[in-house]
Amino acid sequence: MSTFALWRLFHRPGTRGASGRTSALAVVAFAAATGIFLTVLGGVHGFVWRASADHTVACFLDALRCAPGADAAAYWALTFPDAPLADGAASPARSMAGMAGGYVFLAIIACLLLVVPFVALAGSAARLAASRRDARLAALRLAGATRGQVVRLTALDAAGQAVLGALIGILLYLALMPAIMLLDFQNLRFTFEQLWVGPAALAGTAAGVAVLALASALLTLRRVSITPLGVAARASRPLPAAWRAAAFAGVTAAALIAFRLLPQLREHLGEAVTTMLALGFLLLPFALMNLVGSWAVAARARARARRPRDAATMIAMRRILDDPKRAWRNVSGIALAMFIAGFTSIAGYMSTAGGASAGASAADPGMILSRDIGTGGLLTLAFAAVLAAVSSGVMQAGSVYDQADEYRMLMLEGTDAATLSRARFAEVLTPLNVVTLLAGGCSMLLMLPLFAQSMGETRTLLGFFGGIALCYALVAVGAFAANRVAAGIGGDLRRADD
Amino acid sequence: MNDIPITSSASTPHTAPSRASVRPSPILEGRDLTMDYMADAARSGSAHTPVGVMPRGTDRGSAPYVPHALALNHVDFALAQGESVAVMGPSGSGKSTLLHALAGIITPTGGTVTFRGTDIAALPDAERTRLRRTAFGFVFQSGQLLPELPAVENIALPLMLGGMDYRAATDQAVLWLERLGLRALAAQRPGEMSGGQMQRIAIARALCTRPAVVFADEPTGALDQATGREVMGILMDAARGSGAAVVVVTHDPSVARFCSRTVTMRDGRLDADGGAR
């Protein structure tokens, strides 16, 4: 039997049930990830377009490949017609042309920051689709399918979902473009030409999403391929060890000490090395957050499970303790979003405070840069929060489908739907509260020695807590909405076979 | 207890009229129960159709007319306090549907189910849910226990759902574990137990709320015969100790022998010869 014929067998209309719904969720996640990634990539392309003398990437990367006679400042002269180019470096147009490369650098940093939640979302989509496939593939192996057939079927399934999601994501990117074109950067609005990344980038992104889905699907398939009896026993597993917390605390303490010693270090190591060191120490605790996250979630759930106040809390905490890594994964994307919220609040403060003190006009290049850093930070925060919310929503919906049979049994026995809803919400809210405290607290703690002055400002604090509240609200709403939809579909008391 | 007859439109003629005078009033009663899964839209219209077909014109839109069997075809059923009844019959005969209708899990297309004189279908959904939680207990073939909860919390769960606090509920659950000789399993999760142990925990969970009726749907279906007998023995002893009536759906005659009476279902009807055993 050909792989395609096997695939068709499982994808006839009306034969898919819960597996079809989770496939749809995976497609939604791939679409959201692709759409946001392309939008951000479009932004980077826009800045490169503006910075490049002939508006090509090749020219931006290598001045020798620029079209003959191309002049980077000429584009900016159109924006600032009152400033004659003959004024030299002092001209706003020349200043803007000089800063254009810096904008590209900042956009790439934002893009890199978003790579983490993007990969997390695409990964969660791939995991979700693959986990549903396991039981079916194990049954196929038992029925005599070869390992090759199972691998090819999985590859076709995963790549199909990813490519479909990526195609919808491309449409999403095009649909978002008019909104991005309203944004004001470098005192200019983006044009379609600037935001259009080109067919090669679109194809590359779709291929990248497909490869990510394939890799994830084939990795999870190993279990089924090795033995057809791929059903895992639900036995107690050891909880994450406390050394994770110790390692995280150690690194955070080291970062704080390093920040205190920065002035001395600058004298010995020089400006560039010290900046890199500070950036490294700023990012390291967040890199280690995944290490400590599952431990912190498990510790909190264990504390609440010791004496739960009601049945819903007991069910929720036991579910978290069943797999703390899964509970953490559901909300982990928000850690980075909250980290970005910290930076955004500082950038927002500096853009307004810096500009005001200089007393410059709104068209002053320095003022424009400060303002754009604030806007860019907010935009990055919004994208990170949306990615985290979609990721969390997708994982939560998948989790509801996972529990559908158990919850159905509970409803048969007389458990009211409100209790089960409360259990599901507590299952999301507990890790969400933990990540908010952990990431928000860590962000605050690390930035305090660096930006002590601005961190004390009301505006910064408002920006910081507003950003955190935005992340929290988006993830909570995403998870709750997914929960509601999935519970509505899966919670009916279906007929049992006689 | 053996002289409590099960009544049905088909089996009524087989019940001894002389026994009717000593029959206690039923705690749970289903009258003229009809269940047509194919006819949501015909819930009221076809409820009393004598044969298992949908009347023309009641189907959705222009969907082709398909004759089909009713899952329950005018079934009458009565259960007395403390009685135990086995419902036997081939696959697809409507046994589980009858159990679900009697337990208020599904609302039959036609007929009424009354528990202690109250029409279950007339209750609001929340009340019906509360009734299932407080007055009924359930033992299914498998998959009933929450895999994340240790045995003691699985048993305590219905007590906590009823509003009992964690400490009191788990204390009571431990007493049930001791009573069934399962104290050592208190901290074990279902994935760490054998099938027989899981069913014993499910029995403790079903009975810990002291229900009036225990519904058991193929409770030994996933067990070997010896373990099945042991589990049935525990179920019946515990139910008797609590004064609960038991309805057991089974294919296995050796399981049915644990009950005071057996009825047989075939094509949605209680068999004429399936009244009192």
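Residues numbered from 1 in each chain as written. Chains lettered and ligands numbered in written order. Predicted model: local features only at pLDDT ≥ 70, side-chain atom pairs only at ≥ 80, totals over all residues. Heavy atoms only, no water.

If you check an unreviewed UniProt entry, chain B appears there as Peptide ABC transporter ATPase from Bifidobacterium moraviense.

An unreviewed UniProt entry annotates chain A as ABC transporter permease of Bifidobacterium moraviense. Quoted straight from UniProt, the Subcellular location (unreviewed entry) entry for chain A says "Cell membrane". (UniProt positions renumbered as here; feature names shortened; annotations may be inferred.)

A. Quick peek at the domain arrangement of chain A. Residues and elements named next belong to chain A. The domains assigned to chain A are domain 1 (18-77 + 90-226) and domain 2 (259-497). Each partner contributes residues to the interface: domain 1 has 33 residues there, and domain 2 has 27 residues. Counting each side, the surface lost to burial between domain 1 and domain 2 is near 2700 Å², with a carbon and sulfur contribution of 80%. Our enumeration of links across domain 1 and domain 2 arrives at zero salt bridges. Linking domain 1 to domain 2 there are two residue pairs in polar contact (both at pLDDT 80 or more). (Domains from an automatic or database assignment. Contact = heavy atoms within 4.5 Å. Buried area = accessible area lost by both parts, 1.4 Å probe. Salt bridge = Lys/Arg side-chain N within 4 Å of Asp/Glu carboxyl O. Polar contact = N/O pair within 3.5 Å; in protein donor to acceptor, adjacent residues only side chain to side chain.)

B. Representation of the environment of Thr-436 of chain A. All names here are of chain A. Tracing the backbone shows Thr-436 in helix H16 (residues 417-450). On the basis of relative accessibility, which here comes to 16%, the residue Thr-436 falls in the buried class. The sequence separation of Thr-436 and Cys-471 amounts to 35 residues, and the corresponding C-alpha distance is 8.9 Å. What Thr-436 contacts, discounting residues up to four positions off in sequence, is Met-338, Gly-441, Ile-468 and Tyr-472. (Helix = DSSP H or I, 4+ residues; strand = E, 2+ residues; numbered from the N terminus. Buried < 20%, exposed > 50% of the residue type's maximum accessible area, 1.4 Å probe, protein only.)

C. Region of the structure containing the packing of aromatic side chains. Under the counting rule described, the total for this entry stands at ten aromatic pairs over all chains. With a centroid separation of 5.7 Å and an interplanar angle of 15°, the aromatic rings of Phe-192 of chain A and Trp-196 of chain A are classed as stacked. Overall, the relative accessible area of 43% leaves Phe-192 of chain A in the partly exposed class. Both rings, one in Phe-138 of chain B and one in Phe-215 of chain B, keep their centres 5.7 Å apart while their planes meet at 25°; by these two values the pair is stacked. Within this pair, whereas Phe-138 of chain B is found in strand S6 (residues 136-139), its partner Phe-215 of chain B is found in strand S7 (residues 213-217), the two being separated by 77 residues in sequence. Its guanidinium or amino end placed over the ring of Phe-190 of chain A, Arg-50 of chain A lies 4.3 Å from that ring's centre, counting from NZ or CZ. (Phe/Tyr/Trp six-rings, centres within 6.5 Å; stacked < 30°, edge-to-face > 60°. Lys NZ or Arg CZ within 6 Å of the ring centre and 35° of its normal.)

D. Seen up close, a nonpolar patch on the surface. Taken together, the side chains of Phe-105, Leu-106, Ile-109 and Ile-373 of chain A define a hydrophobic patch exposed on the protein surface, amounting to about 340 Å² of accessible area. The leading source of residues in the nonpolar patch is helix H5 (residues 92-142) of chain A, at three residues. (Patch = residues over 30% accessible without salt bridge, like charges linked within 9 Å, V, L, I, M, F, W, Y side chains within 5 Å. Areas by Shrake-Rupley, 256 points an atom, 1.4 Å probe, with all protein chains shown as cover.)

E. Representation of the interface of chain A and chain B. At the interface, 29 residues of chain A touch 34 residues of chain B. Where chain A abuts chain B, roughly 3000 Å² becomes buried across the two surfaces, and 59% of that area is made up of carbon and sulfur atoms. There are five salt bridges connecting chain A and chain B. Applying the counting rule to chain A against chain B returns seven residue pairs in polar contact (both at pLDDT 80 or more). For the side of chain A that touches chain B, the secondary-structure elements that each account for two or more residues are helix H12 (289-306), helix H13 (311-322) and helix H15 (365-412) of chain A. Counting residues per element, the side of chain A that touches chain B draws most heavily on H13 of chain A, which supplies six residues. Partitioned by chemical class, the residues of the side of chain A that touches chain B number twelve nonpolar, four polar and 13 charged. (Nonpolar A, V, L, I, M, F, W, Y, C, P; charged D, E, K, R; others polar.)

F. Just the pairing of strand S1 (residues 28-35) of chain B, in detail. Residues and elements named next belong to chain B. Of all the eight residues making up S1, six are buried; the element is thus mostly covered by neighbouring parts of the structure. With six bridges connecting them, S1 and strand S2 (residues 72-79) associate as antiparallel partners. When the sheet's bridge partners are listed, Leu-28 is paired in S2 with Leu-79. When S1 meets strand S4 (residues 110-115), the two strands line up antiparallel, connected through five bridges. Paired with Thr-34 across the strands is Gly-110, a residue of S4. (Pairing = 2+ DSSP bridges.)

G. Main features of unusual backbone geometry. Residue and element names in this part refer to chain B. Positive phi, close to 50°, is recorded for Asp-32, a residue that is not glycine. Here Asp-32 lies in strand S1. With a relative accessible area of 28%, Asp-32 lands in the partly exposed category. Of note, the phi angle at Glu-218 is positive, near 50°, even though the residue is not glycine. Tracing the chain through its elements places Glu-218 in the loop between S7 and helix H6 (225-242).

H. Here's a closer look at the side chain of Thr-252 of chain A. All names here are of chain A. Counting through the fold element by element, Thr-252 comes out in helix H9 (residues 243-260). By relative accessible area, Thr-252 is classed as buried at 7%. Among all residues touching Thr-252, those that are not within four sequence positions of it are Pro-285, Leu-445 and Leu-446.

I. Here's a closer look at the sheet that holds strand S8 (residues 245-249) of chain B. Residues and elements named next belong to chain B. If you walk across this open sheet you meet the six strands as S6-S7-S8-S3-S9-S10, and the pairing is mixed. A single partner strand is all that each edge strand has here, and the edge strands are S6 and strand S10 (269-270). With four bridges joining them, S6 and S7 adopt parallel strand pairing. When the sheet's bridge partners are listed, Gly-137 is paired in S7 with Val-214. With respect to the sheet, helix H1 (residues 95-102) is in contact with strand S3 (84-88), S6, S7, S8 and strand S9 (261-266), its orientation differing from that of S7 by roughly 155°. (Axes fitted to C-alpha atoms, helices over the stretch in contact; angles between N-to-C directions.)

J. View of the pairing of S3 of chain B. All names here are of chain B. Where burial is concerned, most of S3 is hidden: five out of the five residues are buried. Looking at chain direction, S3 and S8 are connected through four bridges and run parallel. From the neighbouring strand, Ala-86 faces S8, where its bridge partner is Val-248. The pairing of S3 with S9 spans four bridges and is parallel.

K. Up close: the sheet that holds S4 of chain B. Residues and elements named next belong to chain B. Across the sheet, four strands lie side by side as S2-S1-S4-S5; this open sheet has antiparallel pairing. Two strands in the sheet have a free side with no partner beyond their single neighbour: S2 and strand S5 (118-119). Helix-sheet contacts for H1 involve S1, S2 and S4, and the interaxial angle to S2 is about 55°.

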